[in-house]
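Here are the chains, one letter per residue:
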Amino acid sequence: MQSTNIVLSSNSRLPRTEDEIHNGNFVVIDMPSQELINMLQKAVSMELQVSIQYIWQHVRGAGMNSLPVTAELKSIAIDEMKHAEEIAERLDYFGVMATTEPAPITVGKALKEMISLDKKAEADTIAFYKQIIKRATDEGEFTTQRLFMKLLEDEEEHHATFTALLE
Ligand SMILES: [Fe+2]
Ligand SMILES: [Fe+2]
């Protein structure tokens, strides 16, 4: 029987799962640039940061009328953890393990200070995700492009919520 050689270009990944290795169920995947992979890793760090930051603020936020605000923080923290999961799944598709390191977390003390920090975090995320969308589009990485367009919509909503809470 003739053996089949799979020739991988430098931007392809090797077979990885049991199914791919033993059953030959393997499709060569075009890898995005290392720069885009690094951007996705940074995005995971930012999502981990805010999911921890918001849930700790949910726990620590106190004072008059804090309940609706801390409930909102919990709900957004869960959104952010789901975002981290979705980006990690995209990285996993490329055979890359997502980082477990959050970006620097800033909880703050008074509730108003907390929400100001969060509004800034959302604004930074919005700016960064626009860069990822541009980069993914340039590379023809349309699944990543679509994922970040969806995430961008959520981040804009979070930003609007924090803005409204500060008014
Ligand atoms: Fe997010
Ligand atoms: Fe967000």
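A brief report on the enclosed structure follows. Treat the numbers as computed from the prediction; the structure is a model and nothing was measured.

## Comments concerning the packing of helix α2 (residues 34-60) against helix α3 (residues 66-93)
Put simply, α2 and α3 touch, their axes get as near as 8 Å, and they point 160° apart. Classified by the angle between their axes, α2 and α3 sit roughly antiparallel to one another. Where α2 crosses over α3, the two elements pack in a sense that is left-handed. Along the lines of polarity and charge, the residues of the contact of α2 with α3 split into 15 nonpolar, five polar and four charged.

## Topic: the environment of A98
Considering the arrangement of structural elements, one finds A98 in the loop between α3 and α4 (111-138). What makes A98 buried here is the crowd of 20 C-beta atoms within 10 Å. Each C-alpha atom of the pair A98 and E85 lies 9.1 Å from the other, and the pair is 13 residues apart in sequence.

## A look at the environment of M149
Position of M149 among the secondary structure elements: in helix α5 (residues 142-166). M149 gets classed as partly exposed once you count the C-beta atoms within 10 Å, which come to 15. M149 sits 20 residues away from Y129 along the chain, and the two C-alpha atoms are 8.0 Å apart.

What counts as what
- Residues numbered from 1 in each chain as written.
- Chains lettered and ligands numbered in written order.
- Predicted model: local features only at pLDDT ≥ 70, side-chain atom pairs only at ≥ 80, totals over all residues.
- Axes fitted to C-alpha atoms, helices over the stretch in contact; angles between N-to-C directions.
- Helix = DSSP H or I, 4+ residues; strand = E, 2+ residues; numbered from the N terminus.
- Parallel < 35°, antiparallel > 145°, perpendicular 65-115°, else oblique.
- Left-handed = near helix turned anticlockwise from the far one by under 90°.
- Nonpolar A, V, L, I, M, F, W, Y, C, P; charged D, E, K, R; others polar.
- Buried ≥ 20, exposed ≤ 12 C-beta atoms within 10 Å, placed from the backbone.

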